[in-house]
Every structure is written in C-alpha cells, then in structure tokens.
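# Notes for the structure review
Residues per chain, in single letters:
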Amino acid sequence: MKRQNRNNKRAILGRYGFIVALLMLFAVMIIVSAGKIVFTAEGKKWREVGEKETVIRDRVILPKRGNIYTHDGKLLATTEPLYNIYMDFWADGMQKDTLIKYVDDLSVALAKKFPDRTAAQYKNVIMNGWSMREKEERQIRENQEKGIDKRVSIRSRYVRILRNDISYVDLKEIRTYPFWNQRSNRSGLIAEERNARKKPFGNLANRTVGSVYKDIDKGGASGLELKYDSLLRGVPGIKFRQKIQGKWMDVVEQPAEEGWDIVTTIDAAIQDITERALREKLIETEAESGTAIIMEVKTGEIKGIVNLDRMSNGDYAEGNPNAFSYMNEPGSTFKTVTTMVALDDGVITPTDSFYVGNGLFQYNRRWVRDHYWRRGQDRGYMTVAEGMAVSSNVVMSKIALKGYENNPTKFVEGIDRIGLRKRLTWDVPLNGIEGTSSIRFPDDKTNYWSKTTLPWMSFGYETQVPPIYMLMFYNGIANGGTMIKPFIAKQFFEKGKVVKNVEAEVVNPKMCKETTLEQIHQMLLKVVEDGTAKVVGSDYFTIAGKTGTAQIASGGGYGGYYVSFCGYFPAEEPMYTIFVGLRKPKGVPSGGGMAGMVFKNIAEQTYLRKVRLDVEACRIDSTLQKQPLLKNGNWDRNRSLLNALNLPAEGPAEAADWVKMKYDSTTYRSEPIALNSALIPDVRGMGARDAIYLLEKSGLRVNLIGAGKVVSQSLSPGQKLVKGTTVTITMR
C-alpha cells in the first residue's frame with residue numbers, strides 16, 4: 001500500500017514537473033519573441049504594422065485665428081468652430097443589422113434638417129459606405145489567405161455624409177438622431193472640427209476689416225485680415241488618432257498656438273453713422289462710388305471708414321479700398337495746399353488781389369475757367385482769401401505763376417516740405433502707386449512736365465492724391481501744424497496680454513509757419529461761412545474746410561466728376577477731421593451740396609453723441625409750463641394723445657385725416673392738409689412714420705436724413721408729382 005502511494009506521488013510530481021517545464025519553455029519563448037520585437041529589424045517591421053492599424057499620425061490642429069475688435073472691445077471679426085461630418089464604417093462596435101435597422105430613420109432625419117439631399121440619397125451614401133467596408137474586408141482576407149503582404153487602402157474609414165459644414169448646435173442635434181445617438185465606436189460618427197470666420201456686425205467696416213479665404217488655413221485675403229495675417233493666423237499644432245481599448249481617440253502631440261488679437265481704432269457707432277450718411281447720399285445722387293473717413297485730430301485714430309461701390313444690381317456695398325487707393329486729381333481741395341506753400345514762401349498775403357474778370361484766364365493758349373464763368377459777370381479783382389472762399393481757379397493759377405513760373409521746382413519742393421509726397425504704408429494692403437500721392441517734379445523723365453502743368457496743378461489737376469492723404473493734410477491744419485499718419489490697428493494681444501501698442505507716426509512735426517497756419521484756418525472758416533460750402537454750416541458748432549469738384553480723366557479726355565469735401569470741427573478746438581468723396585454723382589456736381597452734406601450729417605451726429613450736459617444745466621425750470629410739442633400728421637393719433645393727456649384741442653374745421661398742429665398758448669388747433677394725388681404732398685413738420693407713409697403712398701421713393709421732424713423736403717410741396725422719383729426729407 002505504501003509502495004503504491006509512493007508510486008502515485010512520483011507520478012503526480014512527474015506530471016507537475018512536466019507542466020512546469022512546459023510553462024517555463026513558453027515563458028522563455030515569449031521573452032525571446034519580445035526581445036526580437038524590441039531589438040531586431042523584424043520587430044521593427046511588426047511594430048510598424050501594429051501602429052498602422054492603431055495610429056493615424058501627423059494630423060494638423062488648426063489654431064484659432066485671432067479676433068479683431070473695435071476700440072471699445074466689440075467684435076468685428078472672430079473665429080467659430082464648424083464641423084465636417086463623416087462616418088467610420090470600421091468602427092469596432094458597428095453592426096450591419098443595427099445599421100440597416102436605423103438607416104431609414106436616420107436618412108429621413110438628415111433630409112429634414114439638411115434638405116440638399118433626399119432621404120433616399122442619404123441612405124445611398126451611408127449604405128455605399130458600408131458596402132465599401134465589406135469590399136475592403138474581402139480584399140484584406142484574400143491577401144492574408146494568399147500570403148500577400150500588401151496594404152489595402154481603407155477608404156471607408158472617413159466617408160463624408162453631409163456636404164456642408166455644420167455648427168456646434170447642429171452637431172449636438174444630429175447626435176440625437178437614430179443610430180448616431182450611440183457611442184461613436186458603434187455609430188462611426190466623426191465630427192471633424194475646423195475654424196470659420198464670422199463678423200458679428202455684418203458688413204460694418206467690411207472692406208477695412210477684410211476677409212479670409214474660404215479655406216481659412218490659407219489666411220487673409222484682404223484688409224486687416226491680410227495685412228496682419230502672420231499674427232492673426234497663429235501656429236498650427238499636431239495630433240494623431242490612436243486606437244485605445246477599441247476606440248479611436250485624438251491624442252495631441254503638439255498643441256496649436258492661437259493667433260494674436262487686434263484692437264482697432266474703429267468706433268462701431270461712428271462707423272455706422274458714417275456708412276448710413278454716405279449710403280443715403282449715394283442713393284440720392286446715384287453715384288458710382290463713395291468714400292468717407294473720420295479720424296481723431298490729436299491721435300490719428302480712424303474712427304470710421306467707408307468705401308461703397310455700386311453693384312450690378314444697383315445696391316451699394318463695400319468694394320475697393322478707395323480711401324487709400326483711389327488715384328484721381330483731387331480738384332479744389334488741393335487749393336489749400338497751393339495757398340499754404342505760397343503763403344509760407346512769402347509769395348502772397350491773404351489780402352493780395354488778382355484780376356479774375358468774368359472767370360476766364362488764358363495761359364499758353366489754354367483757358368482756365370472759374371465755375372461761374374458762363375454767367376458773364378465781371379467780378380473785377382479778388383483777394384486770395386476771397387478766391388479760396390469762392391474756389392477760384394483763376395486766382396490759384398495766378399498765385400502759382402506769380403511765385404513759381406520761372407522756378408516750378410520750388411513749388412513742388414514746398415509741397416514736399418508739407419509732407420504730401422512722403423511714401424507711406426497703410427493698414428490696408430495695396431499695390432503699385434496706390435496708397436501714395438503722385439506729385440511729380442519738373443525734371444521727372446517718366447511724366448512729362450508741360451508749360452501748363454504748374455497753373456493746372458495749383459487748382460488740383462496734373463497730380464493724383466488719394467483721399468487718405470487729403471485727410472492727413474487737413475488734419476495737420478486742425479492739429480496745429482503737426483501732420484500725423486492716420487491708422488487703424490491700435491493694439492495687439494497675445495494670450496490676453498498686450499504685446500504691442502501703436503501710436504500715430506508723425507509725418508511732419510511742422511507743416512508751415514504759425515502765421516501761415518492761422519491764415520489758412522481763417523480762410524477755411526470763410527469757405528463754410530460765406531463761400532462754396534455755406535450749406536455745410538451747422539447750428540451746433542463751427543466747421544472749417546474746403547470743397548472740391550474735379551473732372552475725372554478717362555480715355556484721354558474727361559468724363560464725370562469727383563466731388564469732395566474735407567474739413568474739421570469744432571473749428572475752435574478740433575476733435576475730428578472728415579473726408580468725403582463721391583465719384584460720378586448724377587445732377588449738377590457740388591462739393592458742398594453733395595459731399596459737404598454727408599460731412600455735415602456725420603459731424604453733427606458724431607458731435608451730439610459726445611455732448612454731455614452738467615447737472616446744473618439739466619435742472620427742471622419750475623416756472624415753465626410743460627406742453628408737449630405735437631408733430632403734423634394723422635389727426636386721429638394726435639387727438640388720442642391729447643385726450644389721454646387731458647389737453648384742450650380743436651379739430652379741423654372740415655373733416656380731414658391729415659392736419660397741421662398749432663398751439664396758441666391755450667388750445668391745440670388743427671388745420672387740414674390739402675392732399676392731391678397729382679401733386680407733391682407737404683410733409684414738413686411731420687414725424688418719419690407719417691411723412692414716409694404719405695410720400696410712398698403717392699408713389700415716391702424716400703431718402704431720409706437725420707431724426708426728429710421733417711424740416712425740409714427736396715421736392716417742393718404742390719409740385720407736379722412724377723411717380724418713382726426720389727425725394728429726400730431732412731429731419732431735425
């Protein structure tokens with residue numbers, strides 16, 4: 001018995017030893033295989049194969065493009081994520097029977113949300129993706145059976161389902177759809193994020209802010225977006241997709257660095273005022289294009305800048321950067337330059353007089369004409385100051401000939417001394433000579449200087465000066481003789497910290513003598529008080545400036561006019577300088593009546609935004625009887641208001657829907673407004689709602705300027721009505 005037990009024990013130990021030896025052998029084999037994988041070329045090969053199956057490397061992480069702000073932090077341009085929607089038909093948990101079960105419901109939901117495809121088309125896209133996966137599976141299996149070490153191209157891992165990119169809100173919604181409401185390793189849903197550029201203020205300052213390419217990683221295409229693209233775009237990062245526990249996950253290898261933010265000088269409210277004022281006048285005059293710029297006198301900061309071109313459909317939209325690039329002869333706004341140079345050189349004084357006669361002056365067989373020459377009126381002699389006020393070409397040409405006929409180079413040197421020939425770069429990218437003034441010297445071999453160049457240059461021809469240079473020049477006058485370069489990009493932020501502050505570049509610390517500056521200032525005041533810009537005068541503050549009306553060179557001759565006005569306000573302590581230019585307006589061209597009125601509109605609205613009364617000025621005068629001022633208009637509405645306030649009122653003597661309201665210290669009285677469908681109605685004294693209603697009901701198009709009640713209308717009341725005509729009503 002004992003012997004039998006010993007034999008059994010030996011047998012058990014033998015079997016146990018065999019198993020242990022076998023396990024040790026397996027362990028040695030595993031260690032040897034691991035060593036081969038770690039240390040041999042064969043191991044490297046298998047590691048690469050494994051990585052190909054579990055890692056997708058070197059995928060770019062696009063950085064968030066920097067934001068562009070107004071001066072007070074409002075967003076002009078920002079980046080928001082959009083998503084490309086794909087399906088991975090190799091997702092580990094995806095099952096064919098589950099896909100087939102839900103594909104119809106998923107397709108219907110997609111077609112309802114994104115109707116660019118039908119439900120049947122969405123189903124085809126999805127099932128074709130699955131068929132592609134099955135084909136790839138068969139190819140892999142056949143290669144393995146044949147022992148072919150050939151990689152099969154896996155195209156069904158990323159099949160695009162939606163044609164267009166979607167927002168994060170839409171992404172959250174589609175993740176609730178049938179089949180896609182499962183985990184991504186079962187549904188195969190992949191949302192590939194990309195950045196897109198958005199402008200919260202719409203087209204406000206659109207041309208200045210600029211644009212980016214549709215594929216945002218290509219960067220800026222125009223404006224600030226292009227100028228500062230290298231700073232805004234940031235630095236791309238790198239990520240790879242790795243299969244971890246059967247699920248594909250993004251692993252960041254190198255994070256992206258966000259682009260810098262830019263704070264501009266733009267004031268959203270002033271920009272809006274400027275754009276509205278210019279657009280209204282362009283519509284009224286049916287001009288081809290227009291430019292308006294407003295800048296702070298002391299700082300050089302551009303607060304509003306608008307470039308509007310007429311589109312093929314007749315609407316106006318931001319187009320070319322004309323403020324910087326419009327190269328045309330400036331016309332009479334250049335007369336201030338001529339006068340400054342001549343005064344500074346001692347050629348003239350403001351009281352020197354020149355004979356103008358009937359406004360015609362012949363020089364070298366060419367006629368210099370003043371705008372009034374057709375009237376045949378002999379105006380005799382005119383002083384320099386008077387010539388500036390009425391914008392006399394004859395006076396300017398005689399000033400230039402008196403001082404520089406025998407030495408025209410000295411005249412151009414005077415312009416150069418002011419700073420108008422200095423080449424400057426701007427926040428908006430430009431090419432060629434655009435963006436800099438083109439004022440030549442007499443010895444310029446590329447641009448012939450004729451005997452008539454000097455007198456014609458004196459009143460703004462034979463030279464090209466972009467609007468931004470004229471703005472800079474007049475701002476120099478307002479700024480005590482210091483010419484500074486207008487600018488838009490004010491601060492640069494990186495990761496929330498200021499890395500660069502921009503201040504205005506001084507182009508010329510002293511454009512002219514102090515006496516010359518004061519004389520020029522007084523002349524510009526006279527232009528608005530008694531001269532060609534009398535219509536520009538404001539009830540709220542004084543304005544100093546100069547009108548300009550220049551023919552546009554075209555095909556060796558001239559066609560159409562460029563009208564402009566440039567000046568500053570309040571004249572005593574200038575806050576802002578404004579340039580306004582309109583290209584090819586219809587009607588009688590007028591620098592004051594067209595461009596000047598845009599200037600006035602912008603100036604008044606901007607100034608009133610800045611006005612703040614002290615507490616004393618706001619105290620209620622208890623001795624005053626407070627009576628509401630009623631506007632002319634609909635009698636029923638006025639009567640309802642008077643009844644609600646328990647105020648005495650007398651209705652019209654005869655039944656009338658439209659009345660004029662008067663208050664005679666005791667009672668409100670109404671007088672009927674006579675209306676005739678064939679005549680222009682009288683809307684003066686009405687509010688905007690009633691005035692627009694009556695005019696449009698009559699078949700007129702209405703252009704509205706200002707706010708309050710109507711103080712004037714461009715078509716006189718009682719005039720014969722022509723339907724479709726545009727009437728401008730001014731409100732105050």
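Residues numbered from 1 in each chain as written. Predicted model: local features only at pLDDT ≥ 70, side-chain atom pairs only at ≥ 80, totals over all residues. Heavy atoms only, no water.

The side chains of a regular strand alternate, first on one face of the sheet and then on the other. For strand 10 (residues 302–310), the buried fraction is high: eight of the nine residues fall into the buried class. Strand direction decides the pairing type here: strand 9 (residues 289–296) and strand 10, joined by seven bridges, are antiparallel. Note on strand 10: the bridge partner recorded for I293 is I305. From the end of strand 9 to the start of strand 10, which pair antiparallel, there are five residues, and G300 there has a positive phi angle of about 80°. Here strand 10 pairs with strand 11 (residues 316–318) via three bridges, running antiparallel. Across the sheet, R310 pairs through a bridge with Y316, a residue of strand 11. Counting the residues in the hairpin turn of strand 10 and strand 11 gives five residues, including G314, whose phi is positive at 95°. (Buried < 20%, exposed > 50% of the residue type's maximum accessible area, 1.4 Å probe, protein only. Helix = DSSP H or I, 4+ residues; strand = E, 2+ residues; numbered from the N terminus. Pairing = 2+ DSSP bridges.)

For the rest of this paragraph, the subject is the environment of I140. Mapping I140 onto the fold places it in helix 4 (residues 119–146). Along the sequence, I140 and K150 sit ten residues apart, while their C-alpha atoms lie 8.6 Å from each other. Sequence-distant contacts of I140, defined by excluding residues within four places in its chain, comprise W90, V152 and I154. (Contact = heavy atoms within 4.5 Å.)

All right, on to helix 10 (residues 268–285) then. A turn of α-helix holds 3.6 residues, and therefore any two residues three or four places apart point the same way. Taking 1.5 Å per residue as the helical rise, helix 10 with its 18 residues ought to reach 26 Å, and the 26 Å between its terminal C-alpha atoms agrees with that figure. Turning to helix 10, the residues buried within the fold contact strand 9, strand 10, strand 11, strand 22 (576–583), helix 19 (591–610) and strand 27 (701–706). Residue D267 occupies the N-cap position of helix 10, its side-chain oxygen lying 3.0 Å from the main-chain nitrogen of A269. Taken from the residues just after helix 10, E286 is the one with a positive phi, measuring 55°. (Expected span 1.5 Å × (residues − 1). Polar contact = N/O pair within 3.5 Å; in protein donor to acceptor, adjacent residues only side chain to side chain.)

Attention now goes to the packing of helix 3 (residues 96–113) against helix 4. Two quantities define a packed helix pair, namely the angle between the helix axes and the distance between the axes. Two elements in contact, helix 3 and helix 4, have axes whose closest approach is 7 Å; the angle formed by their N-to-C orientations is 150°. It follows that helix 3 is roughly antiparallel to helix 4 by the angle criterion. In this structure, helix 3 meets helix 4 at a crossing whose hand is right-handed. Judged by residue contacts, K96, L99, I100, V103, D104, L106, S107, V108, L110 and A111 of helix 3 engage A119, Y122, K123, I126, M127, W130 and E134 from helix 4. (Axes fitted to C-alpha atoms, helices over the stretch in contact; angles between N-to-C directions. Parallel < 35°, antiparallel > 145°, perpendicular 65-115°, else oblique. Left-handed = near helix turned anticlockwise from the far one by under 90°.)

Residue P570 follows F569 across a cis peptide bond; omega there is -25°. Located in the positive-phi region is S391, a residue other than glycine, with phi close to 60°. Tracing the sequence through the fold places S391 in the loop between helix 13 (384–390) and helix 14 (393–404). For S391, a relative accessible area of 6% translates into the label buried. The phi dihedral of N646 falls on the positive side, at around 55°, and the residue is not glycine. The topology assignment puts N646 in the loop between helix 20 (635–644) and strand 24 (649–650). Judged by its relative accessible area of 68%, N646 falls in the exposed class.

That is the geometry; function is a separate question.
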